[in-house]
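In case you want the letters, here they are:
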Amino acid sequence: MTQAERDGWAVVTVAGEMDLTSSPAVRQKVHEAVADGRRSLVLDLAGVRFCDSSGVGVLIGARRLMRSCAGRLRIVLPQEGAQPGPAGGAEAAAGHGGEAHVNRVLAALGVRRLFEVYPDLDAATDDTARPLSA
């Protein structure tokens, strides 16, 4: 997980899994960004290959936190799964109709429509870009 700034947006990039073990660190990064006065936040989940209920809870909590401070939250969720890394298939998302795992999880739970989702970081940090439809 990394944190950076891009075009006035705080960007938290998450890769691998968002589960019971890693979700608290993601939550902490979101809270740190808000504590630092950041009100425009992008969660780049393009590299996330697995997300369980604790990961979804972090996303919903981040949305609630950003709304409570009149902030903006955008999420990067490509339509395709994460690309295989140098190690090969172990880093690939399990393809299911071309949709990324996190997209499928959020849609199945009926919460995908709650988020402003963008296909890549360029679009997410562009104030003129429109989010993907739910």
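Computed from a predicted structure; not experimentally measured.

**Looking at the pairing of strand E4 (residues 72-76)**
- Among the five residues of E4, four are classified as buried, and the element is accordingly described as predominantly covered.
- Sheet analysis places strand E3 (residues 40-51) next to E4, joined by five bridges and oriented parallel. Note that in E4 the partner of Leu41 across the bridge is Leu73.
- Of the crossover connections in this fold, the one passing from E3 over helix H2 (residues 53-68) to the parallel E4 is right-handed.

**Brief notes about the pattern of salt bridges**
- Per the counting criterion, the structure on display carries five salt bridges.
- One salt bridge in this structure joins Asp122 and Arg6, with 2.0 Å as the shortest N-O distance. Of the two residues, Asp122 sits in helix H4 (residues 121-124) while Arg6 sits in strand E1 (residues 2-6), which places them 116 residues apart along the sequence.
- For Arg6, a relative accessible area of 29% puts it in the partly exposed group.
- Note that Arg49 and Glu17 form a salt bridge whose closest N and O atoms lie 3.7 Å from each other. Here the residue Arg49 occupies a position in strand E3, and Glu17 occupies one in strand E2 (residues 9-18), the gap between them amounting to 32 residues.
- Take Arg49: its relative accessible area is 25%, and that puts it in the partly exposed class.
- Looking at Glu17, the relative accessible area reads 34%, which means it is partly exposed.

What counts and what doesn't
- Residues numbered from 1 in each chain as written.
- Predicted model: local features only at pLDDT ≥ 70, side-chain atom pairs only at ≥ 80, totals over all residues.
- Heavy atoms only, no water.
- Buried < 20%, exposed > 50% of the residue type's maximum accessible area, 1.4 Å probe, protein only.
- Helix = DSSP H or I, 4+ residues; strand = E, 2+ residues; numbered from the N terminus.
- Pairing = 2+ DSSP bridges.
- Right-handed = clockwise from strand over helix to strand, strands pointing away.
- Salt bridge = Lys/Arg side-chain N within 4 Å of Asp/Glu carboxyl O.

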